[in-house]
Amino acid sequence: MTTRLTVAQALVRFLAAQYTERDGARQRLIGATWGIFGHGNVAGLGQALVEYGDDMPFHQGRNEQSMVHAAVGYARQSNRLSTHAVTTSIGPGATNLVTGAALATVNHLPVLLLPGDVFATRVADPVLQQLEVPYAGDVSVNDCLRPVSRYFDRVTRPEALIPAALQAMRVLTDPVETGAVTLALPQDVQAEAWDWPDEFFAERTWTVRRAAADPAELAQAVRAIRAARRPLVVAGGGVHHSRAEEALAAFAEATGIPVASTQAGKGSLRHDHPQDVGGVGHTGTATADELARTADLVIGVGTRYTDFTTASNTLFQGDGVRFLNLNIASFDGHKLAGLPLVADARGALDELTAALRSSGHRVADAYVTEYGEDKERWEQRVDACFEADEPDVRPTQSQVLGALDALADASDVIVNAAGSLPGDLHKLWRARSRDQYHLEYGYSCMGYEIPAAIGVKLAAPERNVWALVGDGTYLMMPTEIVTAVQEGIAIKILLVQNHGYASIGGLSESVGGERFGTAYRYTADDGTFTGAPLPVDLAANVASLGMRVLRAKTVRELREALAEARRADTPTCVYVETETADTVSGPPPAQAWWDVPVAETATRASAVKARELYERHVSTRRRHL
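Residues numbered from 1 in each chain as written. Predicted model: local features only at pLDDT ≥ 70, side-chain atom pairs only at ≥ 80, totals over all residues. Heavy atoms only, no water.

## Concerning the overall build of the protein
Link 1 in the chain: In terms of helices and strands, the protein carries 24 helices and 23 strands.
Link 2 in the chain: The globule rule puts the C-alpha radius of gyration for 625 residues at 25 Å, and the 25 Å found for the protein is close to it.
Link 3 in the chain: In terms of overall dimensions, the protein has a C-alpha envelope of 70 × 70 × 55 Å along the principal axes.
Link 4 in the chain: Residues classed as buried in the protein amount to 59% of the 625 residues present. (Helix = DSSP H or I, 4+ residues; strand = E, 2+ residues; numbered from the N terminus. Rg over C-alpha atoms; globule rule 2.2 N^0.38 Å. Buried < 20%, exposed > 50% of the residue type's maximum accessible area, 1.4 Å probe, protein only.)

## Some remarks on the packing of aromatic side chains
Link 1 in the chain: Taken as a whole and judged by the stated rule, the model has twelve aromatic pairs.
Link 2 in the chain: An angle of 20° between the planes, with centres 5.8 Å apart, marks the rings of Trp 196 and Phe 200 as stacked. As far as the burial class goes, Trp 196 and Phe 200 line up, both buried.
Link 3 in the chain: Measuring from centroid to centroid gives 5.7 Å for Trp 593 and Tyr 614, while their planes differ by 55°, and the two rings are tilted. One end of the pair, Trp 593, is in the loop between strand E23 (572-577) and helix H24 (605-618); the other, Tyr 614, is in helix H24, with 21 residues separating them in the sequence.
Link 4 in the chain: Among the aromatic side chains, those forming a connected cluster through ring pairs are Phe 14, Trp 194, Trp 196, Phe 200 and Phe 201.
Link 5 in the chain: Seen from the ring of Trp 429, Arg 432 lies directly overhead, with NZ or CZ sitting 5.9 Å from the centre.
Link 6 in the chain: Positioned above the aromatic ring of Tyr 575 is the side chain of Arg 551, whose terminal nitrogen or guanidinium carbon lies 5.7 Å from the ring centre. (Phe/Tyr/Trp six-rings, centres within 6.5 Å; stacked < 30°, edge-to-face > 60°. Lys NZ or Arg CZ within 6 Å of the ring centre and 35° of its normal.)

## Things to note about empty space enclosed by the protein
Link 1 in the chain: Under the defined criterion, the tally for this structure stands at three cavities of 30 Å³ or more.
Link 2 in the chain: The volume enclosed by the largest cavity comes to roughly 170 Å³.
Link 3 in the chain: Lining the largest cavity are 20 residues, and of these Lys 266, Asp 276, Gly 278, Glu 379 and Trp 429 lie nearest its centre.
Link 4 in the chain: When contributions to the lining of the largest cavity are tallied by element, the ones reaching two or more residues are strand E14 (276-279), helix H15 (365-386) and helix H17 (421-428). (1 Å grid on protein atoms, 1.4 Å probe; cavity = no way out; pocket = protein on both sides within 12 Å on 5 of 7 lines; lining within 4 Å. Points joined across faces, edges and corners; volume = space filled by probe spheres on them.)

## Some points on the side chain of Thr 33
Link 1 in the chain: On the secondary structure map, Thr 33 appears in strand E4 (residues 30-35).
Link 2 in the chain: Given the relative accessible area of 4%, Thr 33 is considered buried.
Link 3 in the chain: The contact partners of Thr 33, leaving out residues within four places of it in the chain, are Leu 49, Met 56, Pro 57, Phe 58, His 59, Ala 85 and Thr 87. (Contact = heavy atoms within 4.5 Å.)

## A look at unusual backbone geometry
The phi torsion of most residues other than glycine is negative, and most of the peptide bonds are trans.
Link 1 in the chain: Residue Pro 126 is reached from Asp 125 by a cis peptide bond, and omega for that bond is 5°.
Link 2 in the chain: Looking at where Pro 126 falls in the secondary structure, it is placed in the loop between strand E7 (111-117) and strand E8 (151-154).
Link 3 in the chain: At Arg 122, a position not held by glycine, the phi torsion is positive, near 55°.
Link 4 in the chain: With respect to the helices and strands, Arg 122 occurs in the loop between E7 and E8.

## Digging into the nonpolar core
Link 1 in the chain: Within the largest apolar cluster, 53 residues are counted, with the highest numbers of intra-cluster contacts made by Ile 225, Phe 251, Ile 299 and Leu 341.
Link 2 in the chain: If near-sequence neighbours (up to four positions away) are discounted, Phe 251 is found in contact with Ile 225, Val 233, Ile 257, Ile 299, Leu 349, Leu 352, Thr 353 and Leu 356.
Link 3 in the chain: With 47 residues, the next largest nonpolar core counts Val 111, Ala 417, Ile 493 and Met 547 among its residues. (Core = buried A, V, L, I, M, F, W, Y, C linked by side-chain atoms within 4.5 Å.)

## Quick notes on the packing of helix H3 (residues 64-77) against helix H5 (residues 97-106)
Link 1 in the chain: Where H3 meets H5, the closest approach of the two axes is 7 Å, and the angle between their N-to-C directions is 20°. By the angle between their axes, H3 is roughly parallel relative to H5. For the crossing formed where H3 meets H5, the hand is right-handed. Facing H3, whose interface residues are Glu 64, Gln 65, Val 68, His 69 and Val 72, H5 presents Leu 97, Thr 99, Gly 100, Ala 101, Leu 103 and Ala 104.
Link 2 in the chain: Here the residues of the contact of H3 with H5 are counted per class, giving six nonpolar, four polar and one charged. (Axes fitted to C-alpha atoms, helices over the stretch in contact; angles between N-to-C directions. Parallel < 35°, antiparallel > 145°, perpendicular 65-115°, else oblique. Left-handed = near helix turned anticlockwise from the far one by under 90°. Nonpolar A, V, L, I, M, F, W, Y, C, P; charged D, E, K, R; others polar.)

## Comments concerning the pairing of E4
Link 1 in the chain: With six of its six residues buried, E4 lies for the most part within the structure.
Link 2 in the chain: As paired elements, E4 and strand E6 (residues 83-88) share five bridges and run parallel to each other. What sits directly across from Ala 32, in E6, is His 84.
Link 3 in the chain: Bridge analysis of E4 against strand E5 (residues 58-60) gives three bridges, and the strand direction is parallel. In the sheet register, Gly 35 faces E5, and the bridge partner there is Gln 60.
Link 4 in the chain: On the question of chirality, the crossover connecting E4 to the parallel E5 by way of helix H2 (residues 42-51) is right-handed. (Pairing = 2+ DSSP bridges. Right-handed = clockwise from strand over helix to strand, strands pointing away.)

## Quick notes on the sheet that holds E6
Link 1 in the chain: Taken in spatial order, the six strands line up as E5-E4-E6-E7-E9-E8 in an open sheet, and their pairing is parallel. Unpaired on one side and paired on the other, E5 and E8 mark the two borders of the sheet. The mean angle between the axes of side-by-side strands here comes to 20°, regardless of whether they run parallel or antiparallel.

## Comments concerning a nonpolar patch on the surface
Link 1 in the chain: Taken together, Phe 37, Val 42 and Phe 58 make up a surface patch of nonpolar side chains, about 240 Å² in accessible area.
Link 2 in the chain: For Phe 58, the position within the fold is in strand E5.
Link 3 in the chain: Looking at Phe 58, the relative accessible area reads 33%, which means it is partly exposed. (Patch = residues over 30% accessible without salt bridge, like charges linked within 9 Å, V, L, I, M, F, W, Y side chains within 5 Å. Areas by Shrake-Rupley, 256 points an atom, 1.4 Å probe, with all protein chains shown as cover. Salt bridge = Lys/Arg side-chain N within 4 Å of Asp/Glu carboxyl O.)

## Overview of the sheet that holds strand E21 (residues 492-497)
Link 1 in the chain: Read from one edge to the other, the open sheet built from six strands follows the order E19-E18-E20-E21-E23-E22, with strand pairing classed as parallel. The outermost strands of the open sheet, each flanked by one partner alone, are strand E19 (437-439) and strand E22 (548-552). Each adjacent strand pair in this sheet contributes to an overall mean axis angle of 20°, direction not counted.
Link 2 in the chain: For E22 and E23, the ladder comprises five bridges, and the chain directions are parallel. Paired with Val 549 across the two strands is Cys 573, which belongs to E23.
Link 3 in the chain: H17 rests against strand E18 (412-416), E19 and strand E20 (464-470) of the sheet, and its axis sits at about 150° to E19.
Link 4 in the chain: Here helix H23 (residues 555-567) sits on the sheet in contact with E18, E20, E21, E22 and E23, set at roughly 160° to E22.

## Structural notes on the environment of Glu 615
Link 1 in the chain: Take Glu 615: it is sitting in helix H24.
Link 2 in the chain: What makes Glu 615 partly exposed here is its relative accessible area of 43%.
Link 3 in the chain: Taking the C-alpha atoms as reference, Glu 615 lies 9.6 Å from Glu 600; in sequence the two are 15 residues apart.

## Some thoughts on the packing of H3 against helix H18 (residues 449-459)
Link 1 in the chain: For the pair H3 and H18, the least separation of the axes is 7 Å and the interaxial angle reads 40°. Taken together, the axes of H3 and H18 lie oblique to each other. Between H3 and H18 lies a crossing of right-handed hand. The residues of H18 that touch H3, namely those facing Ser 66, His 69, Ala 70, Gly 73, Tyr 74 and Gln 77, are Pro 451, Ala 452, Gly 455, Val 456, Leu 458 and Ala 459.
Link 2 in the chain: Here the contact of H3 with H18 is built from residues that sort into seven nonpolar, five polar and no charged.

So, in structure tokens, the structure goes:
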């Protein structure tokens, strides 16, 4: 039996029938489609979404990049078991997807991209917005998406959709391969009809596998842990993707091994768990970083070991330190010349715990006492950063986080990605649940926060979802505020105005750049941006997009505004002005280095001094072979 449909209609019907299953739980793979329509998709996918609107929910976006961010936020909150599709027109609509696609692929988060493409038949050549490539007739701007997609195909004939769509679903549901998947759809092909086999539209359930550990690798891992005197777990995002938090807690409690976390892994243990020692690396805690410096075995669980985690390979300095890498991806399992344990995190942790518990293995009591006391000292530093002795003065950024920390419970979700906030949050935030801490730091993309918060809220409508946004990030991408207002998606925005790029300003100063071009100030007589802060009213801008705004000038007003926003059932923004970006203070300084090369020759004293310090740090770099 066959059914005659257009390619776009067939694709929408196919997507509506795709499901994932893991651990006996089944859910739709493509929960909704985001779209902005133009001549490349309005007559194809646009018409199909009208035709089959009951089968496929639709969200109207304002920026193509932000639509991908919303889909990624939804996918992460859904544990990568469900995601959204994103459709755009050809030309700039399609190329606007590239940043979002890179973010999804870097973070191993599934999203389906459906950009329109030029005519496959080339009857109208060049079509509006077409990039003509003299040396190749089969290239369009959509080819920009190839390097940032885990799977890419251009559907130039109706029947080619069948294998392309099936391959797309395979990659989206593969826990190792997943990321951005792109099906480029020529606009004429979208509208072309074909007789489709009805089997194509049958419900399909894609099992998200849990790969078991190889017995030899597992035995090797057990031996390595038993031989270690100062082991340390580094928990990455893979712990969350696997839903291995309880397994990790059981492992840590049985062995006494402390657990540090990357940005993606924070919340793997609650902040008050005895074995949780906080963030690790350049933005980590003093407790975790000192343990990392003296560890003889680093047990990476679901981590990619980015340069922030390893402090650009200067952090793990223990004599004879070795690495044991539990990861579902072989590529990551072999990093740092580690012993690979290529398996699903939850299953392998359960097996490790059972093997070590049966032999009564546990680290020395003195080691537990050592990191426990260090953790308590760090918590006192956090309390000091959060404390506000004078509630009627302008808050520091740390005090802003402290006010939210005091208000939040395990049901709140905080979303952030870029600026000075990720460093402060990694050091200071007290994660109360496995998915409260939603930091996109694999790509650290400015503009992610607001659309991603919408995606999180769509996946978990019962939760309070906070987008923590600095002024620099806000100016990059505030557009989806309109979508939140339009659909009544009650996200909360905490908008911090410090008049510039605080994070990069500090980095610029440390590498001899003297904060050049990082402050939002008027131009001075010498041509530099060192005049008075710009009188930009971002709160008024938020209000102009239809969102309710609560202004807070003092710590006391901030606490009241946050509490009111948290109770709100409509989209609400809390706006607060802190210290300017070039005077920001409050959080503890970096506890580990990060390699940003400094000019080797310079005449300015700041750069000469920065280079001297850089060379001292570089001399401590270690290659783990």
